Amino acid sequence: MVALAVLVLMLLVSALLLQWRQKGLMSDAALSHGDNTSFTVFQAEVEYLRLRAAWPHPGERPEDLNELGMRYELFVSRIRLLRHSAALASLVEPKELDALLAFPESFIGEADRRLVQADAASLSSAEWAALGVVLDSAAPSLRQLSMRGVALMGETYAARTAAATGYNRLAIAGTAVLGALVLILGGLAARQLQLAARRARELEDLAMALEQARGEAERASQAKTDFLANMSHEIRTPFQGIVGMLTLIGQGPLTQEQRSQLTTASGSVDHLLALLNDILDLSRLESDCVSIDAQPTSLQALLQAVATLMAPQAQHKGLTLDVQLDLELPGRVSMDAMRLRQVLFNLLSNAVKFTESGQVRLHASLDDGTRQLVFEVSDTGIGMDAATLQRLFTRYGQGDASRSRRFGGTGLGLEISRRLARLMGGDIAVSSVLGQGSRFVLTLPCTALPDAEEASHPRPTAAPPDNATALRVLIAEDNPVNCMVLQAMLEQLGHRTVIVHDGKQVVNEAAGRRFDAVLMDLHMPQQDGYAAAAAIRALPDSLAANVPIIALTADGFAETRQRCLASGMDDFLTKPVAVDALRDALRRVQGHRPAPSLTVQAPTMAL
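Residues numbered from 1 in each chain as written. Predicted model: local features only at pLDDT ≥ 70, side-chain atom pairs only at ≥ 80, totals over all residues. Heavy atoms only, no water.

As a further point, take the overall build of the protein chain. When helices and strands are tallied, the protein chain shows 19 helices and 13 strands. Looking at the 607 residues of the protein chain, the share that counts as buried comes to 37%. Excluding contacts between residues fewer than 6 apart, the proportion of contacts in the protein chain whose partners are at least 24 apart in sequence is 72%. (Helix = DSSP H or I, 4+ residues; strand = E, 2+ residues; numbered from the N terminus. Buried < 20%, exposed > 50% of the residue type's maximum accessible area, 1.4 Å probe, protein only. Contact = heavy atoms within 4.5 Å.)

Scanning the model with the defined rule gives five aromatic pairs in all. Ring centres of Tyr48 and Phe75 lie 6.0 Å apart, and the angle between their planes is 50 degrees; on these two criteria the pair is classed as tilted. Highlighted residues: Tyr48 in helix 2 (residues 34-54) and Phe75 in helix 3 (residues 65-83), separated in sequence by 27 residues. Centroid distance Tyr72 to Phe107: 6.1 Å. Interplanar angle 75 degrees. Geometry classified as edge-to-face. Of this pair, Tyr72 sits in helix 3 while Phe107 is found in helix 4 (residues 94-116), placing the two residues 35 residues apart along the sequence. The burial state of Tyr72 is the same as that of Phe107; both residues are buried. An aromatic cluster of three or more residues is present, and its members are Tyr48, Trp55, Tyr72, Phe75, Phe107 and Trp128. If you follow Arg563 out to its NZ or CZ, it ends over the ring of Tyr530, 3.8 Å from the centre. (Phe/Tyr/Trp six-rings, centres within 6.5 Å; stacked < 30°, edge-to-face > 60°. Lys NZ or Arg CZ within 6 Å of the ring centre and 35° of its normal.)

Ranked by size, the top nonpolar core spans 39 residues in total, and within it Leu340, Leu344, Leu362, Phe375, Phe440 and Leu442 carry the most contacts. Once residues within four sequence positions are removed from consideration, Phe375 is found in contact with Leu299, Leu303, Leu340, Leu344, Leu362, His363, Ala364, Phe440, Val441, Leu442 and Leu444. (Core = buried A, V, L, I, M, F, W, Y, C linked by side-chain atoms within 4.5 Å.)

Ordered by their spatial adjacency, five strands build an open sheet running 10-9-11-12-13, and the pairing between neighbours is parallel. For this open sheet the edge positions go to strand 10 (496-500) and strand 13 (571-574), each flanked by a neighbour on one side alone. The average undirected angle you get between the axes of adjacent strands in this sheet is 20 degrees. Where strand 9 (residues 472-476) meets strand 10, five bridges bridge the pair, whose relative direction is parallel. Among the inter-strand pairings, Ile475 is bridged to a residue of strand 10, identified as Ile499. On top of the sheet, helix 14 (residues 480-492) reaches strand 9, strand 10, strand 11 (517-521) and strand 12 (549-553); it is set at about 165 degrees to strand 10, its chief contact. (Pairing = 2+ DSSP bridges. Axes fitted to C-alpha atoms, helices over the stretch in contact; angles between N-to-C directions.)

Here the focus is the confidence of the model for the protein chain. Averaged over every residue, the pLDDT of the protein chain is 77; residues scoring 70 or more account for 73%. Confidence drops under pLDDT 50 across residues 401-410; counting only partners more than four residues distant or on other chains, this segment forms 14 contacts. Taken together, the stretch residues 453-468 has pLDDT below 50 and engages in 15 contacts with residues farther than four places along the chain or on a different chain. (pLDDT = per-residue confidence, 0-100.)

Running from N to C, helix 15 (residues 503-512) and helix 16 (residues 529-537) cross one another at 20 degrees; their axes reach a closest spacing of 9 Å. Comparing their axes, helix 16 and helix 15 come out roughly parallel. Note on packing geometry: the crossing formed by helix 15 with helix 16 is right-handed. Across from Gly503, Val506, Val507 and Ala510 in helix 15, the residues of helix 16 making contact are Ala532, Ala535 and Ile536. Residue classes in the contact of helix 15 with helix 16 are distributed as six nonpolar, one polar and no charged. (Parallel < 35°, antiparallel > 145°, perpendicular 65-115°, else oblique. Left-handed = near helix turned anticlockwise from the far one by under 90°. Nonpolar A, V, L, I, M, F, W, Y, C, P; charged D, E, K, R; others polar.)

Bringing unusual backbone geometry into the picture now. With the exception of glycine, most residues fall at negative phi, and the peptide bonds are largely trans. Within the chain, Arg371 stands out as a residue other than glycine whose phi angle is a positive 55 degrees. As for its position among the elements, Arg371 is in the loop between strand 4 (359-366) and strand 5 (372-379). A positive phi is found at Gln526, a non-glycine position, where the angle reads about 70 degrees. Relative to the helices and strands, Gln526 resides in the loop between strand 11 and helix 16. Residue classification places Gln526 among the exposed positions, given a relative accessible area of 60%.

Here the focus is the packing of helix 9 (residues 299-316) against helix 10 (residues 337-353). Packing of helix 9 against helix 10 brings their axes to within 10 Å, and their N-to-C directions diverge by 30 degrees. It follows from the interaxial angle that helix 9 and helix 10 lie roughly parallel. Once helix 9 is placed against helix 10, the crossing between them reads as right-handed. Of helix 10, the residues touching helix 9 (which contributes Leu299, Leu302, Leu303, Ala305, Val306, Leu309, Met310, Gln313 and Ala314) are Ala337, Leu340, Arg341, Leu344, Phe345, Leu348, Ser349 and Val352. Here the residues of the contact of helix 9 with helix 10 sort into 14 nonpolar, two polar and one charged.

Moving on to the pairing of strand 3 (residues 332-335). Relative to strand 3, strand 1 (residues 295-298) runs antiparallel, the two sharing four bridges. Its bridge partner being in strand 3, Gln295 is matched across the sheet by Met335. Where strand 3 lies against strand 8 (residues 448-449), two bridges are found, and the strand directions are antiparallel. From the neighbouring strand, Val333 faces strand 8, where its bridge partner is Ala448.

Once that is clear, we can look at the pattern of salt bridges. Opposite charge on two side chains makes pairing possible when the charged atoms of those side chains draw close. Under the counting rule described, the total for this entry stands at 15 salt bridges. The residue Arg514 makes a salt bridge to Asp541 at a minimum N-O spacing of 2.7 Å. Taken together, the residues Arg514 in the loop between helix 15 and strand 11 and Asp541 in the loop between helix 16 and helix 17 (542-545) connect sequence positions 27 residues apart. Taking the relative accessible area as the measure of exposure, Asp541 reaches 28% and is therefore partly exposed. One connected set of salt bridges, linked through shared partners, spans Arg361, Glu376 and Arg439. (Salt bridge = Lys/Arg side-chain N within 4 Å of Asp/Glu carboxyl O.)

Quick look at the sheet that holds strand 3 now. Note on sheets: strands pair through backbone hydrogen bonds, and any given pair is parallel or antiparallel. Strands sit in the order 1-3-8 across an open sheet of three strands; the sheet is antiparallel. Every other strand in the sheet has two partners, leaving strand 1 and strand 8 as the edge strands with one partner each. The strands touched by helix 9 within the sheet are strand 1 and strand 3, with strand 1 carrying the most contacts at an inclination of about 65 degrees.

Along its 19 residues, helix 3 runs 27 Å from first to last C-alpha, staying within 8% of the 27 Å computed at 1.5 Å per residue. Those residues of helix 3 that sit buried are Leu68, Arg71, Tyr72, Phe75, Val76, Ile79 and Leu82. An end-on view of helix 3 places all buried positions within 135 degrees of arc, on one side of the element. Put simply, Asp64 is the residue that caps the front of helix 3, since its side-chain oxygen is 3.1 Å from the backbone nitrogen of Asn66. (Expected span 1.5 Å × (residues − 1). Arc of directions from axis to C-beta. Polar contact = N/O pair within 3.5 Å; in protein donor to acceptor, adjacent residues only side chain to side chain.)

This is the structure we're talking about:
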């Protein structure tokens, strides 16, 4: 009995030892980082191959910078994981790892300098090809790491197999209890493997679902952009009829009451157009469709234009508009004048809107320390409390969002202004005291240009009188109301008109008769304005082929304007077209002057 008890005790001790040993083997297998390390190395090579596949071929530039940027960021994250992975110590010596990661990190450093710190869209095809060569140099290192990972995975599984074999031999040499324990533990291990396999499948399904969701989100964003572009055209086209008719009515004999009613209607139309422009600007910013076009700009002329256009609003409310320029300001700078004017108009409009009495002040200066341009817009208006300041630059955020609020608006203007300022490399800050007014400070980098007398103070070119510049104008427009409006405007300016309603008729008329100018709508049946312009430029008759073409666009997208110029058009007008804008465009055609840039300067005034 004693011997049996001793034997049972030995068997129990053996069982406990085997169980402890099994627990140790299972713990070692569970704690092994071989799988994770191999997976990390493999993913690094996969992301490299995806990045290389998305990289432009020699002599080409990337078609989709967003897709290429996403692949680049994924590749960088995988290389960072390799660099900071503690499990790689069992795979590669530190010095060897440094040598293997030298080429990928060399490419990352070069790519960060050219793609992140600089403007990726401005890189030439040669620069893209040079980066591609650096990217190719990283392939052998990543391939060698991948092979090491495969070897480590084999060693890991071999070690696990050897451990399981040793355990089975011990179990067979033991008692039936130990054998039962082995079977139980084997069942548990199988169960764990099944759970792991199911977990892997769930992760794969989740990754696929996330990828599909990302694709759907991108398609939805593109669909939204297309929708807004189409809506811009559909909304602005009837606006042309409304604005044109109101303008023509205003030039006729009216009673004082009728003129007051007409002024009210015109103000409502201007307000609707401002709302539409805010929504379209926000859409372009969200879709990364807004680019900054820095051109030589006269700060004095730009601020003069701002003051000229803002003065009537201030005078209407009995406010003093004070515009001050420091003497240290450079005469000419490299700046996107259109975007700067847009931001200043928004800040000044808000200041006038929220000020009942006193003054609105615009002060432009140059910061001696940072060498930045500083535009300060201050007012003596209602001011803001701390809670209002916190939500001021948020989308749809308004100082007073209640149903009984006194001031209207979409709540988009300040967000658009700040995003435009940051696109130009600057920012907008605000300070305010409730009941004492507000102060907005726009800071922008200053790139001063050499003074040029003609550039800073262009000599005005006197246009001939309208009655001495009668033109024969071909109107290409499919909307009957717009045709009537444009015809009435042109006849009022003393010009003769011919109207056609589709692109093919435009080409036929231009080929068969002589015209001094063509007003080309972009959206027409049979043939759109781009194709019609290209067809006219290809006519064998040189006189007909060189007729000036003025595009009539229904949106303000920069891509549309660039496409107009690329198709052979000379100038463009944005619907709704005002009489003054139409007159100026035709004078440019008559004077054979080149089409103006996007920067339009107002008449000079004393500041």
